[in-house]
Number of protein chains: 4
Amino acid sequence: MSKIIENVRSEKMMQEELENQLRSIAHIGHVEISVSNMEKSLWFYTEVMGLVLTEQDGDYAYLRAWQDFDHHTLVLKAANDSKLLRMGWRVSSLESLQLFEKQLGKMNIPFEWVEGGKKKAVGDAIHFNSPAGLPIELYWEKELFIATDPNIMSKLPSHPSKYTGKGVSPRRFDHVNIMVNDVKKEQEWWTELLGIHHRYYIQNEEDVRLGSWLSRTNVAHEIALMRNSKQNGTLFHHLAYYLDSADELIRACNLMAENDIEIEWGPGKHGTSGAQFIYVIEPSGHRVEIWTGGFLIFSPDWEAIRWDPGSGDLGLNMWGGKAPDTYFTYGTELEKK
Amino acid sequence: MSKIIENVRSEKMMQEELENQLRSIAHIGHVEISVSNMEKSLWFYTEVMGLVLTEQDGDYAYLRAWQDFDHHTLVLKAANDSKLLRMGWRVSSLESLQLFEKQLGKMNIPFEWVEGGKKKAVGDAIHFNSPAGLPIELYWEKELFIATDPNIMSKLPSHPSKYTGKGVSPRRFDHVNIMVNDVKKEQEWWTELLGIHHRYYIQNEEDVRLGSWLSRTNVAHEIALMRNSKQNGTLFHHLAYYLDSADELIRACNLMAENDIEIEWGPGKHGTSGAQFIYVIEPSGHRVEIWTGGFLIFSPDWEAIRWDPGSGDLGLNMWGGKAPDTYFTYGTELEKK
Amino acid sequence: MSKIIENVRSEKMMQEELENQLRSIAHIGHVEISVSNMEKSLWFYTEVMGLVLTEQDGDYAYLRAWQDFDHHTLVLKAANDSKLLRMGWRVSSLESLQLFEKQLGKMNIPFEWVEGGKKKAVGDAIHFNSPAGLPIELYWEKELFIATDPNIMSKLPSHPSKYTGKGVSPRRFDHVNIMVNDVKKEQEWWTELLGIHHRYYIQNEEDVRLGSWLSRTNVAHEIALMRNSKQNGTLFHHLAYYLDSADELIRACNLMAENDIEIEWGPGKHGTSGAQFIYVIEPSGHRVEIWTGGFLIFSPDWEAIRWDPGSGDLGLNMWGGKAPDTYFTYGTELEKK
Amino acid sequence: MSKIIENVRSEKMMQEELENQLRSIAHIGHVEISVSNMEKSLWFYTEVMGLVLTEQDGDYAYLRAWQDFDHHTLVLKAANDSKLLRMGWRVSSLESLQLFEKQLGKMNIPFEWVEGGKKKAVGDAIHFNSPAGLPIELYWEKELFIATDPNIMSKLPSHPSKYTGKGVSPRRFDHVNIMVNDVKKEQEWWTELLGIHHRYYIQNEEDVRLGSWLSRTNVAHEIALMRNSKQNGTLFHHLAYYLDSADELIRACNLMAENDIEIEWGPGKHGTSGAQFIYVIEPSGHRVEIWTGGFLIFSPDWEAIRWDPGSGDLGLNMWGGKAPDTYFTYGTELEKK
């Protein structure tokens, strides 16, 4: 029999602990960006990347990978500038959403409650910014994708839409990456307030944090934070979609080459996550990562892996190829509110 | 502002709800089997499969895939018969383990508390059986694998041991599959008592459940339950390791052929999970699956996908090749207690 | 210094030997088939297989893989029945064509001289039948493919058309396979008259030839001959296109499944050639192989590899999966002249 | 009937033409190099590359890929310096060898006749140098590899040795690459004297030849000639082995990283040949290419593809990554005679 530690909790303690348990994010859900060249970007995401266009509505285009179950994982908004507008994270329950609202209030973090229906396919949501200014959306409800176009309907119940093999055809949306001035500070906020686990990080010779990777789910990261080497504020580094194999990654390289999309870096392999990657700049200037491989993290008491200067280069690319300078300096702006 | 539903809970309700939240399994951790031919099976798992032998101790051999972070994910025990001895699941916290003990007591399910140290590398554990007789182990602590052999030490902090490329070289342990007489009953018990989510299932023409796949994590299944078509009790169907790509799966086929290991079925692709698979019978008679592809499930309110007779064949193999009869009838025995 | 064997040849011997040297086939060039359902077959070859339609002219459609340099490697003719019309082989020079004409006359083999221009894109040609009735075309000139459609033009001089990634997208046309009553007899004729080297063969328990594979180039076979187990004459077994990787083969399986094209056999791997394969039946009933891997043969004195009953099953599928009966009995008819 | 051009040839013309036809190279067969660190290089070629060691004899080690049919395709000689010693090309017949001897005499090119048996596994051979000093060996006979070690014997008659999956495990030896001062002059000599076809070439802005790729067989190149940008003479650039898939290439990257072998360049893709490549420097300083993909050339009247300055960068790497400077300047020396 176990030596049960008698957990005597006061009612208040229990209430608080229960709320802590219930106030939980489930996973990253989507990213919304504005694009200065909607026509070319839409061509890129649908024809080259092979994402499925769920619908187009005024200035907005809603996109998803063939096995993304949701209505969309990427929103493009036609605009004058290419910016990160918002990133959406799904919470674990309706009550969870309410508890986040309560918590934000308690911490005096300004937020906006957005009624369901104001945004296509998304229910009630809370909008607020991280310390570095990342525009966050928490939501509980989002419509599932239901194929109605016979060209993409699959006879497989597990396929919300058919694998057509068109373009790069990633399987699913994966993560976002942001450049910030102070990685450590931002990471701690995400981990402490939002419960997004810290998975691995790189320190430089001065023991300054160069990058941190975080996730709520078993994937190795849903959000990455990289140090802006120019220290000029927060920039959107990239969004990422996931492929099934290294061979598909090479196929993606060929498609990029034939479609005149510049590969900024890669193929390479991040030693940190094991992600075999390429980075491309899409026609409106956003960086997009396509990757495969990598590992899952199951351990409930995972301790973030430290990559110090002795191993950091392997962390960036274990095959040795160096990133271009742009990789550490270039990003698109964030929408200011 | 949200229309907060006033959650007025009594102290007792809170206590119960908190315990429900805290009583939680994290993930499947290992499987223990006895093998009638230790020498040949050990050759198979190390030389053909390319698993790493952590240590051998008396009748026991402890194995893991190159990126399994734990001391072991597979235990072989030399014996007269080849049987499933036990499957280990890690819980989410020490308190969680104690709450499972409490719950089992409350439900009058017989269990054994096994002190840490009695089993190599594993801390305190609870042993009990499912309704169909599956021997379950819940535990909180397990040693991590620390490479000491220079031949397998990696300079990458993310690699508990080096990728050597020897044999099939799967990346990680994945799941177990059990044949039972009554799939539906067993599935419901796993979902209700243990909180292992129901992911998809197949019904036959008489609306009898042919198979159910369940997971606690984001992987599509950590345990599968298949109907024993002979209805002669519970059998161990297979254990599974995961590969990074279809190309590696084909490479595995070549290695099996050159090493005289019969491929029972495959390569094929389960439409249910998207797993591209082969099944082989190892020298002591256990079935082993090697697979790649598949999808992750992130949704916190996932509704199990139903495959009915119209689509069930696609669920089994969307490429059309039929499973041999043995696939539905053959399994190794369970250790009886 | 070498011990030069004095080669004293008479003028007549020299003339004959020179002609033997010059009378030479270079490679298989194309296959022409009639299709009972042009609309569906054209959809299959362009949308599912991803071949490029060079042009359509009346009842004829001319197709090629993205890196086939010629105007076409496959000709479809709309007709009432699905038949093999002809297979074209390119000779090594204009003089070679004339020397084949001379040789056929000498051997009293009926042939037809077809003036260039009567067939699209092909110059002067000789038509004749093999002993088993295979309709052969020898030609010297064929137009190269020149892309004019901007959607398929590549900026790479090595790409006659762009890799679009649409459908299966094989790299090139590869070979044909014919079922005949007497494999050995037919093989010897191809080797002796046409100089197509014998590469490997399978004998059954009664030492009857079950199959022979032949090529003039370094690829392992350009034409295969298989025993018709019903012994009811000559049938067209399949045509084959080549892929770059096992991963692309698996991708092809997925595309077949999603497009309701039945995979008759595979994925499997012929031990003989090392070809990793699938066979599908296209909408008009012809069998098409898609394959990857395999070996090249460089040796000028290659001795055909014998597969006897002890190894023949490995020769057919070294991964063990058995071919369906249809594989040994079903084929489309040959056009009778 | 054909309009036969009456080929009236004089006896002398016939003799000459027949000799031209018969004097023919079949394919590249092996490369011999000296290595300053035999122990580490042997470890690299056997453990990391996964080549099979046929035998070791005094200072010499004889190696081959698992499906190379010959006794060896690579010879290592323990020495003080790492140099290219010789490259062997197989001729098409015994008579062919004699005719090359005759031709070299006629052209006053110094050569040495090496009796069979003086070199392991190779019959009578002719040794001579190209204008740029490349040490060439022509031979007719070479022993086939016969596996005697049960660990590498295969039950497949098509496998001279078993696919073990150890290390990189290339399928076959492929080609050599040499840096010379004057590419055009050297290429023309190879094409005119030795009949090695010119396949593609790159010209710079001053219309100077930067590289030429040549082959006798259907593979795109068996020997490549690159301009030494320092113009300081002839250097051995690399030897190359061939892999079956892009996925295997990525696997090779991982193995190089884990074994501390620097990847000098890649993964990238030569637009010229379609070769997906990495280049590594082995422990004694020779450069080794590992590649996959690429195209075969079947046309008997192939016209060399010109890559001019507008497309040359795509020719070098169609994915955009630039070669390091060392790629254009570094090579190992040639053995001087």
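What you see is a predicted model, and the numbers here were worked out from it, not measured in a lab. (Residues numbered from 1 in each chain as written. Chains lettered and ligands numbered in written order. Predicted model: local features only at pLDDT ≥ 70, side-chain atom pairs only at ≥ 80, totals over all residues. Heavy atoms only, no water.)

Caption draft 1: Quick peek at the environment of D57 of chain C. Residue and element names in this part refer to chain C. Mapping D57 onto the fold places it in strand β2 (residues 52–57). Look at D57 and you get partly exposed, because its relative accessible area is 39%. Distance from D57 to D301, taken between C-alpha atoms, is 44 Å for residues 244 residues apart in sequence. Excluding its chain neighbours within four sequence positions, the residues that come into contact with D57 are Y62 and K120. Of the polar contacts made by the side chain of D57, one reaches the side chain of K120; its length is 3.2 Å. (Helix = DSSP H or I, 4+ residues; strand = E, 2+ residues; numbered from the N terminus. Buried < 20%, exposed > 50% of the residue type's maximum accessible area, 1.4 Å probe, protein only. Contact = heavy atoms within 4.5 Å. Polar contact = N/O pair within 3.5 Å; in protein donor to acceptor, adjacent residues only side chain to side chain.)

Caption draft 2: How the structure looks around the packing of helix α1 (residues 11–22) of chain B against helix α3 (residues 94–106) of chain B. Residue and element names in this part refer to chain B. The N-to-C vectors of α1 and α3 enclose an angle of 115°; their axes lie 9 Å apart at closest approach. Crossing of α1 over α3 shows left-handed handedness. Where α1 approaches α3, its residues Q15, E19 and L22 are matched on the opposing element by E95, S96, L99 and K102. (Axes fitted to C-alpha atoms, helices over the stretch in contact; angles between N-to-C directions. Left-handed = near helix turned anticlockwise from the far one by under 90°.)

Caption draft 3: Representation of the interface of chain D and chain B in the model. The interface is formed by 18 residues belonging to chain D together with 18 residues belonging to chain B. Of the roughly 1,500 Å² buried where chain D meets chain B, counting both sides, 43% is carbon and sulfur surface. Counting the contacts that link chain D with chain B gives two salt bridges. Across the pair K155 of chain B and D260 of chain D runs a salt bridge whose closest N-O atoms are separated by 2.4 Å. (Buried area = accessible area lost by both parts, 1.4 Å probe. Salt bridge = Lys/Arg side-chain N within 4 Å of Asp/Glu carboxyl O.)

Caption draft 4: Broad picture of the pattern of salt bridges. Residue and element names in this part refer to chain C. On inspection of all chains with the given rule, the structure shows 64 salt bridges over all chains. Across the pair K119 and E137 runs a salt bridge, and its minimum N-O distance is 2.5 Å. In this pair, K119 sits in the loop between β6 (111–114) and β7 (125–129) while E137 sits in strand β8 (residues 135–139), placing the two residues 18 residues apart along the sequence. Residue class for K119 comes out buried when judged on its relative accessible area of 18%.

Caption draft 5: Examining the packing of aromatic side chains more closely. Residues and elements named next belong to chain A. Taken as a whole, this structure holds 76 aromatic pairs over all chains when the rule is applied. Look at Y60 and Y62: their rings are 6.3 Å apart centre to centre, the planes differ by 25°, and that puts the pair in the stacked class. Measuring from ring centre to ring centre gives 6.3 Å for F128 and W189, while their planes differ by 55°; the resulting arrangement is tilted. With F128 in strand β7 (residues 125–129) and W189 in helix α4 (residues 183–194), the pair connects residues that are 61 residues apart, well separated along the chain. (Phe/Tyr/Trp six-rings, centres within 6.5 Å; stacked < 30°, edge-to-face > 60°.)

Caption draft 6: Structural view of the sheet that holds strand β13 (residues 235–242) of chain A. Residue and element names in this part refer to chain A. Spatial strand order, β14-β15-β16-β13-β9-β12-β11-β10-β17: nine strands in an open sheet with mixed pairing. With one partner strand each, in any of the chains shown, β14 (263–269) and β17 (305–307) form the two edges of the open sheet. Taken over all neighbouring pairs, the strand axes of this sheet differ in orientation by 20° on average, direction set aside. α4 contacts β9 (172–180), β10 (197–203), β11 (209–215) and β12 (223–227) of the sheet and is inclined by roughly 15° relative to β11. Along the sheet face, helix α5 (residues 246–258) touches β14, β15 (275–281) and β16 (287–293) and points at about 15° away from the line of β15. (Pairing = 2+ DSSP bridges.)

Caption draft 7: Representation of the relation of the copies chain A and chain B within the structure. The two copies are related by a screw operation: chain A maps onto chain B through 180° of rotation and 0.0 Å of translation along the axis, at an RMSD of 0.0 Å. Seen this way, the second copy is the image of the first under a two-fold rotation axis. A shared binding surface is used by both copies, with 100% of the interface residues of chain A retained as interface residues in chain B. (Least-squares fit on C-alpha atoms with pLDDT ≥ 70 in both.)

Caption draft 8: The arrangement of the pairing of strand β8 (residues 135–139) of chain B in detail. All names here are of chain B. Taken across its five residues, β8 has five buried, putting it largely inside the fold. Residues P135, E137 and Y139 of β8 are buried on one face, and the alternating residues I136 and L138, pointing to the opposite face, are buried as well. Taken together, the four bridges between strand β5 (residues 83–91) and β8 define a ladder with parallel strand orientation. Directly across from G88, in β8, lies its bridge partner E137. Bridge count between strand β7 (residues 125–129) and β8: five bridges; the pairing is antiparallel. Paired with A125 across the strands is Y139, a residue of β8.

Caption draft 9: Region of interest: the relation of the copies chain D and chain B. When chain D is brought onto chain B, the operation consists of a screw motion whose angular component is 180° and whose axial shift is 0.0 Å, with 0.0 Å RMSD remaining. Of the residues that chain D buries at the interface, 100% are likewise interface residues in chain B, meaning the two copies contact each other through the same surface.

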